[in-house]
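The residues making up each chain are set out below.
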Amino acid sequence: MFAFLAVELTALFLLISFLVGVLQDKISPNKIKQILSAQHGKGYVIAAFLGAITPFCSCSTIPFLKGLLRAKAGFGTMMVFLFASPLLNPIIIGLFAVTFGLQVTLFYFVMAMGISLFAGFTLEKLGFEKYVKPDAYVEPKATCGGGSCGSQTVEVSKYRRIWNATWSDFKSVLPYLIGGIALGSLIYGFMPSEFVARVANSDNPFAVPVAAIIGIPLYIRAEAVIPLSAALAAKGMSLGAVMALIIGSAGASLTEVILLKSIFKNALIVAFVAVIVTMAISAGYLYSFIF
């Protein structure tokens, strides 16, 4: 599990960071800022749908988030993207529809979209932008990579320059990435599905919050979280608890939370986790009540 995630997330981080660098070269930061700072709440909606169409897991949203920060996109819209992207990506929505049906998928989409928009707007109004670390806004300095950096001027291609900046950025978050993967893999490996189903079954009135909290330490890819949830439901786990587990695990894995420490101060990380847990618990109980 550790080896697979280390290779996969390293490749994803480097690829997405590089692509974001290329996009930033093509689209000026002012243009991104203008689009995501649209008046009358349009920027929030654009950010939410941008999150919904990007096939990112919770960890691979981080490079894109760094790009939004450096483009000086609005804090609220940036947070909306951070909440929405891993929960509403096309893969998880498609698997949701196939596994649980369109009605349940629509409920999930409305809950995730609605709370993401509300949370992003609220955190901005409460002034949580001050908890973003100042160096998160600074473009990483590219290393020379293949030439002398002394008094001699080294000409590098545009894409080599972007790659050098990407590699520099990756090295700064590598300790967080490896630490998060290690902890997440240990928890994933030692938490049997039978235990989860037993403590979060329909007879337990606290099944929903238990499932939401269990989901946070896990790092489960979208391709795996839906089949796993279906298996847990077949073992007796309540569907409300299944909904909470999906939101908790897809929305805020332990690996992502550790990665966010390279960007956010502790107060904002706590607020981020609180939003995901609140979303998971609210969706779980409301689903149980409606369905």
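Residues numbered from 1 in each chain as written. Predicted model: local features only at pLDDT ≥ 70, side-chain atom pairs only at ≥ 80, totals over all residues. Heavy atoms only, no water.

An unreviewed UniProt entry lists the protein chain under the name Permease, with Echinimonas agarilytica as the source organism. If you open the UniProt record of the protein chain and go to Subcellular location (unreviewed entry), you find "Cell membrane". Under the Sequence similarities (unreviewed entry) heading, UniProt states for the protein chain: "Belongs to the UPF0718 family." (UniProt positions renumbered as here; feature names shortened; annotations may be inferred.)

Caption draft 1: A look at helix H5 (residues 75-88). Here H5 spans 20 Å end to end across 14 residues, near enough to the 20 Å set by a 1.5 Å rise per residue. For H5, a buried count of 14 out of 14 residues is recorded, marking the element as mostly surrounded by other parts of the structure. (Helix = DSSP H or I, 4+ residues; strand = E, 2+ residues; numbered from the N terminus. Expected span 1.5 Å × (residues − 1). Buried < 20%, exposed > 50% of the residue type's maximum accessible area, 1.4 Å probe, protein only.)

Caption draft 2: Region of the structure containing the nonpolar core. By size, the foremost hydrophobic cluster in this structure holds 82 residues, and its most contacted members are Met 79, Leu 87, Leu 88, Tyr 108, Met 243 and Phe 264. In terms of residue count, helix H14 (residues 266-290) provides more of this core than any other element does, eleven residues in total. Not counting the four nearest positions on each side in its chain, Met 243 is found in contact with Phe 96, Val 104, Phe 107, Tyr 108, Ala 283, Gly 284 and Tyr 287. (Core = buried A, V, L, I, M, F, W, Y, C linked by side-chain atoms within 4.5 Å. Contact = heavy atoms within 4.5 Å.)

Caption draft 3: How the structure looks around the side chain of Thr 166. Locating Thr 166 in the fold gives a position in helix H8 (residues 158-189). Note on Thr 166: relative accessible area 4%, which makes it buried.

Caption draft 4: Layout of the packing of aromatic side chains. Taken as a whole and assessed by the stated rule, the structure comprises ten aromatic pairs. Ring centres of Phe 83 and Phe 272 lie 5.4 Å apart, and the angle between their planes is 10 degrees; this geometry places the pair in the stacked category. Of this pair, Phe 83 sits in helix H5 while Phe 272 sits in helix H14, and the two are 189 residues apart along the sequence. The exposure class of Phe 83 is buried, given its relative accessible area of 0%. Take Phe 272: its relative accessible area is 0%, and that puts it in the buried class. Aromatic pair Phe 96 and Phe 100: ring centres 5.3 Å apart, planes at 50 degrees, arrangement tilted. With Phe 96 and Phe 100 both in helix H6 (residues 90-100) and four residues apart, the pair spans about one turn of that helix. Each residue in the set Phe 18, Trp 163, Trp 167 and Phe 170 is aromatic and connected to the rest through ring pairs, giving one cluster. (Phe/Tyr/Trp six-rings, centres within 6.5 Å; stacked < 30°, edge-to-face > 60°.)

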